[in-house]
Each structure stands twice: as C-alpha cells, then as structure tokens.
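Structural description and commentary
Letter by letter, the chains look like this.
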Amino acid sequence: FGITSSRPTPSLSIKGSQYFDEKFKSSFIKYYNKKLEQEGYMRYNAFNDEIEIASTPFAETSDTALLKEKDLVPVISGESYIYLPHRLKDGRAIIGYLIEIYKGNSIVIYEKRSKTFMEEVKARTSLENSFPPRYIDNIEFYISIGGNTPILIPNRKKEFLNLFTEKQSFIAKFMKDNKLNIKNLESIIEIFKYSEQIN
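So, a few notes on the structure that sits alongside this text.

The rules behind these values
- Residues numbered from 1 in each chain as written.
- Predicted model: local features only at pLDDT ≥ 70, side-chain atom pairs only at ≥ 80, totals over all residues.
- Heavy atoms only, no water.
- Salt bridge = Lys/Arg side-chain N within 4 Å of Asp/Glu carboxyl O.
- Axes fitted to C-alpha atoms, helices over the stretch in contact; angles between N-to-C directions.
- Helix = DSSP H or I, 4+ residues; strand = E, 2+ residues; numbered from the N terminus.
- Parallel < 35°, antiparallel > 145°, perpendicular 65-115°, else oblique.
- Left-handed = near helix turned anticlockwise from the far one by under 90°.
- Contact = heavy atoms within 4.5 Å.
- Nonpolar A, V, L, I, M, F, W, Y, C, P; charged D, E, K, R; others polar.
- Buried < 20%, exposed > 50% of the residue type's maximum accessible area, 1.4 Å probe, protein only.
- Arc of directions from axis to C-beta.

Any two side chains of opposite charge can pair, on the condition that their charged atoms come close. Across all of its chains, the model carries twelve salt bridges by this definition. A salt bridge links Arg156 to Glu159; its shortest N-O distance comes to 3.7 Å. Three or more residues are tied together by salt bridges with common partners; here these are Glu79, Glu111 and Arg113.

If you want it as structure tokens, here you go:
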C-alpha cells in the first residue's frame, strides 16, 4: 500500500495473542471515502491498536503498519476500521480504531476490540494458582449520536436508558416486550433502530 510506518516484532513467550484474528485478510483502503485501486493483506493488532500490512496472506509477521489517520480507512474482510477520538467511561477522550457496526440516520454504533497485557503471577502458596504472562480480550461498544464524539454504551440498564432522554419510557417498554439484553450487540442495534423510528 505504501502508506506505512515500521514497527517492532512482538515477543513469542506470552500466552494468547495480540490479535483477535492472526491471519492476514484480503483488504483495501478507502481514502476520503473513495476506494483505492491497490488491494493487499492486513490484520488488526488489538494490543498495539494498529493495522499491520503484508504482501501475502500466508505471512506470520509484519514490520509494516498503516499510517493512523481518520480519512485513511482500512477495510478488512468487509469491516471498516476508523481512526477516531472516543470517550472512555471516565470521560477521558482517546483516539484509536473503532469498527463501524451499524449506521442509522443520526447514530453510528462502533465496536472496539482491544487486548490488555497481564504480567506473570507466581503462586505464593499451594492454594494459589500461577498465571503465565498473557493477553486478555476486551470488546466494548460505542455510539455516536448526531455526529458527536463516540461514547461508551453503558452496560447498566439505568445508565443505558439515560442515552434516550425523552424517549426513555418507550425504549424501556420496547426492551421488555422484546426481551432485549443490552450486553448483546444485536439487541443494542434493534433498540437504536427503534429509537430512530420514534419521533
């Protein structure tokens, strides 16, 4: 692709992986919403929050990463990774890759996949367990309403309903009638689709 920066190779002695999918997949890039002709192979490194590039789908490592820029959108196996500012639960804004999951009239739902590194834990007694150094998976959902900075979708019902201001009672009834669970992505999408139909 040529729009790249170099990166170091990760250590191999750790349990788990920096990737949700280690395979390089057929990919292309959208630049200012236009698809670039050149195609190639990419994968998302969820620990370093970067898109790695390879010249073949059979590569095991990559020393090249895509330049991080909002208007440079890699599309890997049909998933668009958008480099955007978003707000954490504590209100701090950070910038990183979000995957666009659903786009409505005024809302966009994103998925954020990340990996956290946990140090090795040695058992101090025979009653405790040892844990090797490892990567822990984390998946969160974000929402942008009316083009605003995406915020974390709360997984507590009361906080979740606060997203809807004057539509809260309608949304609560819709969730109850349809047995929708806000920890489930399909349910979240159904709820927001419904919220856009209410005037």
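Further notes follow.
Running from amino to carboxyl end, helix α2 (residues 168-177) crosses helix α3 (residues 185-197) at an angle of 140°, the nearest separation of the two axes being 10 Å. In terms of axis orientation, α2 runs oblique to α3. At the point where α2 passes α3, the crossing takes the right-handed sense. Contacts between α2 and α3 involve Phe170, Ile171, Phe174 and Met175 on the former and, on the latter, Glu190, Ile191, Tyr194 and Ser195. In the contact of α2 with α3, the residues fall into six nonpolar, one polar and one charged.

Burial in α2 covers these residues: Ile171, Phe174 and Met175. Summarising the axial view, the buried residues of α2 lie within an arc of 100°, below the 170-degree limit, and thus occupy one face. When the buried face of α2 is taken as reference, the exposed residues oriented beyond 90 degrees from it are Ser169, Lys173 and Lys176. Downstream of α2 by one or two residues, Lys179 has phi in the positive range, about 50°.

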